[in-house]
Amino acid sequence: MKKQTAYATGGVIALIIVLLLALSLDLLFPLESSGYTTPLGYEGPRSGVAAPETESQNVVLIEEFSDFQCPFCAQAVPIAKRVKAHYGDQIEFRYRHFPIEKIHPLAPRAALASECMRDQEMFWTYHDLLFENQARLSDSMIRELAAQAGAEMALFDACMSSMRHAVILQEDFLEGRERGVEGTPTFFVNGARYEGVVSYDRFVEIIDRELTRAESQYARDPQDVDRKEGTA
Amino acid sequence: MNKVKSVAADVCSCTANAARAMWADKKDSLICMAADMLFFIFAGFITSAYMTRMVASLYSIGALLQGAEESAVLASDGLFSLLDAVGAAPHVWRIAAMLTLMTLSLFALYGLFHGFIWVHIFKILRIKTDPTTIFKRFVQVSVLWAALFFLQRVIFFVASFFATLRTKDPTALNNDPILLSFLFIITYFAMISYTQTAEHSALVSIHRSFSLGVRRVTHVLAAVILLVIVFAAVNYALLALQTLWSTLVLIGGTVTVIPAMTWARVFFAAWMHKLKV
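Throughout this description, residue numbers start from 1 for each chain and increase along the sequence as written. In the order they appear in the text, chains get letters beginning with A and ligands get numbers beginning with 1. At least 70 in pLDDT is required for a residue's local features to be given in this predicted model, at least 80 for side-chain atom pairs to be given and counted, and no such filter applies to totals for whole chains, interfaces and linings, which use all residues.

Sheet strands associate in pairs through backbone hydrogen bonding, adopting either a parallel or an antiparallel arrangement. Residue and element names in this part refer to chain A. Whether two strands pair depends on DSSP finding at least two bridges between them. Helix numbering and strand numbering both begin at the N terminus, where a helix is a DSSP run of H or I of at least 4 residues and a strand a DSSP run of E of at least 2. Across the sheet, four strands lie side by side as β2-β1-β3-β4; this open sheet has mixed pairing. On the outer flanks of this sheet lie β2 (91-97) and β4 (192-195), each paired with one strand and no other. For this sheet the average axis-to-axis angle between neighbouring strands, irrespective of direction, equals 20 degrees. As paired elements, strand β1 (residues 60-66) and β2 share seven bridges and run parallel to each other. Note on β2: the bridge partner recorded for V60 is I91. Along the sheet face, helix α3 (residues 71-87) touches β1 and β2 and points at about 160 degrees away from the line of β2. Packed on one face of the sheet, helix α8 (residues 166-178) meets β1 and β2 and runs near 105 degrees to β2. For every element, the axis is a line fit to its C-alpha atoms; helices are fit only across the contacting stretch, and the angle between N-to-C directions ranges from 0 to 180 degrees. Once C-beta atoms are placed from the backbone, any two residues with those atoms within 7 Å are in contact.

Residue and element names in this part refer to chain B. Interaxial distance between helix α1 (residues 2-24) and helix α9 (residues 217-244) falls to 10 Å at its minimum, and their mutual angle equals 55 degrees. One element, α1, and the other, α9, form an angle in the oblique class. Relative to α9, the crossing made by α1 is right-handed. Taking contact as the criterion, the partners of V7, V11 and T15 in α1 are, on α9, H219, A222, A223 and L226. When its residues are assigned to classes, the contact of α1 with α9 shows five nonpolar, two polar and no charged. Here is the rule for angles: anything less than 35 degrees is roughly parallel, anything more than 145 is roughly antiparallel, 65 through 115 is roughly perpendicular, and the remaining ranges are oblique. Note on convention: the crossing is left-handed when the near helix lies turned anticlockwise from the far helix by less than a right angle, right-handed when the turn is clockwise. Throughout this entry, Asp, Glu, Lys and Arg are counted as charged residues, while Ala, Val, Leu, Ile, Met, Phe, Trp, Tyr, Cys and Pro are counted as nonpolar. The remaining residues, Gly among them, count as polar.

We now examine the nonpolar core. Within the largest apolar cluster, 49 residues are counted, with the highest numbers of intra-cluster contacts made by A18, W118, I121, L125, V266, F267 and A270 of chain B. Residue assignment for this core shows that the elements contributing at least two residues are α1, α2 (26-66), α5 (89-124), α6 (131-167), α7 (177-196), α8 (202-215), α9 and α10 (246-274) of chain B. Among the elements that take part in this core, α5 of chain B stands out by supplying 13 residues, more than any other. Excluding residues within four positions of it along the chain, A18 of chain B makes contact with W263, V266, F267 and A270 of chain B. Counting residues in each nonpolar core, the second largest holds 48 residues, with V77, F123, C159 and F187 of chain A among its members. Defined on buried residues, the nonpolar core groups Ala, Val, Leu, Ile, Met, Phe, Trp, Tyr and Cys residues joined through C-beta atoms within 7 Å. Residue burial here comes from a neighbour count, namely the number of other C-beta atoms, placed from the backbone, that lie within 10 Å of the residue's own C-beta, with 20 or more meaning buried, 12 or fewer meaning exposed, and in between meaning partly exposed.

Before going further, it helps to spend a moment on the packing of helix α1 (residues 2-23) of chain A against α5 of chain B. Here α1 of chain A crosses α5 of chain B at 150 degrees, and the two axes come no closer than 10 Å. Compared by their axis directions, α1 of chain A and α5 of chain B come out roughly antiparallel. Relative to α5 of chain B, the crossing made by α1 of chain A is left-handed. Contacts from G11, A14, L15, V18, L21 and A22 of chain A in α1 of chain A reach L101, S105, A108, L109 and L112 of chain B in α5 of chain B. Looking at the contact of α1 of chain A with α5 of chain B residue by residue, the classes come out as nine nonpolar, two polar and no charged.

As structure tokens, then:
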């Protein structure tokens, strides 16, 4: 009987250790943070349905066609933040929705939620939260993350049930298709397409080239550039 | 022909006897079912906790490889050097560490719950044993099968990784017949060895699992075929139920699969005790 009690105690202790180990995985193996906290852009409403043209010719426009459930897109986030931290106002970063529902069933709903968060000027905060929690994403988590970001939940819920931003998703998706997007992430830097995760060094190379081009164009014909800026 | 008829009759009588034994010892049967359920809950929790993080690391490796500069790929000498060059080495170590911890955790859970279940299976069959001895033997025997199972999983994981890189399809190797056959063979000999632990030491139980499993293969297979039929029938019934009402599957699964698992162990243990090498 003594032996059986010893076995039972040992078993319970082993079970507790195993469960505690699983519960403390976040401490043992923390998910790597990019370390860059710079928001990728303006948090507030998007002007118009499709993305507008850049307002200045000296700003490099980076558009990313992305999907909130795509792991490669998650990998691209810290790179984009590092690029933004390096170039600041010299670049303008725009997120375009390209949810691939067939393999990522929650992506359209997450995209819709992100647009509802844009109404509350929290798009990029929510964007980061969605990618940070991508592996655990669920229907309920989409809402929980909105609350975590600090959203006014009544407004968020009303926006989600009205589906009023579905048209933005549709427009982005169709535009992506027209521009040859086949998978995510796909980047457009001043209109030139780059497929897959673009490394930081490659971004630097591309952006520097674009900035040099803009400068040389300004040097050649400053009046033409000023005219264009005035009409934007 | 007569031999086939006699085996079929034996299987039928053993099936009924197992059900009768369970009915006669409701307490131990219910304990086995509860332990099975708890094992599923804990194992599911642990697997999902580790797998979520391992898959995230695997995706990160894929993304780093995809985003790698062409020059880094060309300069690297082999896969490990490439993984190091693109900064994926920490992810590889992370996966290895988590895989080891997950395996040890699942083995501890398996030993605890299934050892406990087998103690009660022998009680249902009224085989006089010392519970702690059975428990110890069960864990010892399981070390071999767990090691082989782990080897199968590692081969599957590595093969899947390369197949995913090659085909860009994460499910490329999910139904590979060689890997599935290996799994079936491990389960076959493991099940036989567990039924022997009441009367033999761990080493002898393993030895007997091979001798019984090979020399009396037709008899053992007769029982295995019955078990396959029973579980396939339960599976199809649950699938049919799913089309009607998905919540029913959870309830239906609990009231059919869990008792069926206890019955399968009682039946198989009773069947194996009739066989002599």
